[in-house]
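Descriptive structure summary
Here are the chains, one letter per residue:
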Amino acid sequence: MVMVPLPTSSSILFTGLLSLLLLVQPTAAALHRPFSTTSKPAANFLPLAIFHEAPAYRNGETCGGGDATTIHIAMTLDANYLRGTMAAVLSILQHSTCPENVFFHFLWTTNNPDVFSTIKSTFPYLKFQIYHFDTRRVRGLISKSIRQALDQPLNYARIYLANILPNNVKRLIYLDSDLVIVDDIAKLWKVDLKDKALAAPEYCHANLTNYFTNAFWSNPRLSRTFQGRKPCYFNTGVMVMDLDKWRKLGYTQKVENWMVVQKHKRIYHLGSLPPFLLVLAGEIEAVDHRWNQHGLGGDNIEGKCRGLHPGPISLLHWSGKGKPWLRLDSRKPCNVDHLWAPYDLYRSSKHRFEE
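As the structure is a computational prediction, the values presented were derived from the model and not from experiment.

**What to know about the overall build of the protein chain**
Secondary structure assignment for the protein chain yields 10 helices and 10 strands. For the protein chain, with 355 residues in total, the buried portion stands at 57%.

Right, here's the structure in full:
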């Protein structure tokens, strides 16, 4: 039986979204080489067959084919976030008009055949490739941040997407693993970058002063970094990227340069985000806020509950310390966590709606 993705409104509000979800049955270089089935399994990877098999979502009659219609999405595969990744993939397929046109590029730090087997058994029809990210590229550049999860090398892999993915991948959507999509991903894919290398929702009301230390702002040379541009905060968990332009402008090296400065001067506290802001804030194309309803995981220290911001929603993002699967399992969920639960494919989950 062909399953057609559920059509979604382009202006889903909190109440409408909750009602919708209650009805849904979510049933290369040596340093960056593609997945190899001969690699030794990693000891810390989650066991196989722990996820329900997802439905087979098929293209509608209006969907075309070929490379020109392919939507490329990159995500990381972290053992601690794999449950979130599976939920995110399901949400993308479920709400896509043309789910068979979506191709996933997964980044992993350990070449592990179990990774392939787990994804394949959960999503038998998924089009994807797994790439190895060598942690030696960043280990000497990472500085301790305010939360241990932000210090993991895989958190920095997004900086190297233009180096890791094949050159024929010109355009890419990067997504974190702690989010779900409740709209057609093709709408985000079609965003006009207007000759920019990156597009993302901007939050110009946020005070950038808070993202950098006194050592940064008190240094006359460093504090002039944003001079001549109008910098706004953006979250790096949802980005549309022009990889050719990223390479041409040398953004990977520029981000790395700021990481070197950080090792010597301690100019920020928050993982991989600040160097992105230093290089790209004020240089990106703004995307509608509906495409990153972020902060649902609370702050980076306590992860307290937060509500939704007013306005339409296309993407829900649990950035912050609190993750929905952990809060649901602890039986101390926030209200917004129940919006994630229908996409949870974990076999032991008590929160997923049964068919």
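Resuming the write-up.
**A short note on the packing of helix α8 (residues 251-265) against helix α9 (residues 273-280)**
At a minimum axis distance of 9 Å, the contact between α8 and α9 shows a crossing angle of 120°. The angle between α8 and α9 places the two elements in the oblique class. Crossing geometry of α8 relative to α9 is assigned as right-handed. Of α9, the residues touching α8 (which contributes Y251, K254, V255, W258 and M259) are P275, L278, V279 and L280. Along the lines of polarity and charge, the residues of the contact of α8 with α9 split into 8 nonpolar, no polar and 1 charged.

**Looking at helix α2 (residues 82-94)**
Between its terminal C-alpha atoms α2 stretches 18 Å, which fits the 18 Å expected from 13 residues at 1.5 Å a residue. Summarising burial for α2: 13 of the 13 residues are buried, a large majority.

**Some remarks on the pairing of strand β2 (residues 102-108)**
For β2, a buried count of 6 out of 7 residues is recorded, marking the element as mostly surrounded by other parts of the structure. Pairing of strand β1 (residues 71-76) with β2, which is carried by 6 bridges, proceeds in the parallel orientation. Residue pairing across strands places T76 opposite L107, the latter belonging to β2. The β-α-β motif built from β1, the intervening α2 and the parallel element β2 has right-handed crossover chirality. Bridging between β2 and strand β3 (residues 127-132) involves 6 bridges; their strand directions are parallel. Bridge pairing links L107 to Y131 in β3. As a crossover connection, the stretch from β2 through helix α3 (residues 113-122) into β3 is right-handed.

**Quick word on the pairing of strand β8 (residues 238-242)**
Burial runs high along β8: 4 of the 5 residues are buried. Judged from the 5 bridges that link them, strand β4 (residues 171-175) and β8 form a sheet pairing that is antiparallel. Paired with L175 across the strands is V238, a residue of β8.

**Focus on the environment of G237**
Relative to the assigned elements, G237 resides in the loop between β7 (233-234) and β8. Among the residues examined, G237 registers a relative accessible area of 1% and is labelled buried. Residues G237 and H294 lie 57 residues apart in sequence; the distance between their C-alpha atoms is 8.8 Å.

**A short note on α8**
Helix length check: α8, at 15 residues, gives a terminal C-alpha distance of 21 Å against a target of 21 Å (1.5 Å per residue), a fit within 8%. Restricting attention to buried positions, one finds in α8 the residues Y251, T252, V255, E256, W258, M259 and Q262. Down the axis of α8, the sector holding all buried residues measures 160°, keeping them to one side. Looking at the buried side of α8, the elements it contacts are α4 (161-164), α6 (214-217), α7 (243-248) and α9.

**Overview of the state of the cysteines**
Each disulfide is one covalent bond, formed between the sulfur atoms of two cysteines. Scanning the model with the defined rule gives 3 disulfides in all. One disulfide in the model links C204 with C232; its S-S distance is 1.9 Å. Residues C204 and C232 share a disulfide whose torsion about the S-S bond is about 95°; that sign makes it right-handed. With C204 in the loop between β6 (198-203) and α6 and C232 in the loop between α6 and β7, the pair connects residues that are 28 residues apart, well separated along the chain. Relative accessible area serves as the criterion here: at 7%, C232 is assigned to the buried category. A sulfur-sulfur separation of 1.9 Å characterises the disulfide bridge that pairs C305 with C334. With the S-S bond torsion at -85°, the cross-link from C305 to C334 turns out left-handed.

**What to know about the packing of aromatic side chains**
Considering all chains together, one arrives at 18 aromatic pairs under this definition. Centroid distance Y203 to Y233: 6.0 Å. Interplanar angle 45°. Geometry classified as tilted. Remark: Y233 occurs in strand β7 and Y203 occurs in strand β6; sequence separation between them is 30 residues. Here Y203 matches Y233 in class, with each residue buried. Among the aromatic residues, ring-to-ring pairing joins F212, F216, W217, F226 and W258 into one connected group. Above the plane of the ring of Y125 lies R58, whose end atom (NZ or CZ) is 4.1 Å from the centre. Cation over ring: R171 sits above W189, and NZ or CZ is 5.6 Å from the ring centre.

Definitions and limits used
- Residues numbered from 1 in each chain as written.
- Predicted model: local features only at pLDDT ≥ 70, side-chain atom pairs only at ≥ 80, totals over all residues.
- Heavy atoms only, no water.
- Helix = DSSP H or I, 4+ residues; strand = E, 2+ residues; numbered from the N terminus.
- Buried < 20%, exposed > 50% of the residue type's maximum accessible area, 1.4 Å probe, protein only.
- Axes fitted to C-alpha atoms, helices over the stretch in contact; angles between N-to-C directions.
- Parallel < 35°, antiparallel > 145°, perpendicular 65-115°, else oblique.
- Left-handed = near helix turned anticlockwise from the far one by under 90°.
- Contact = heavy atoms within 4.5 Å.
- Nonpolar A, V, L, I, M, F, W, Y, C, P; charged D, E, K, R; others polar.
- Expected span 1.5 Å × (residues − 1).
- Pairing = 2+ DSSP bridges.
- Right-handed = clockwise from strand over helix to strand, strands pointing away.
- Arc of directions from axis to C-beta.
- Disulfide = S-S within 2.5 Å.
- Phe/Tyr/Trp six-rings, centres within 6.5 Å; stacked < 30°, edge-to-face > 60°.
- Lys NZ or Arg CZ within 6 Å of the ring centre and 35° of its normal.

This is a description of form; function is not addressed.
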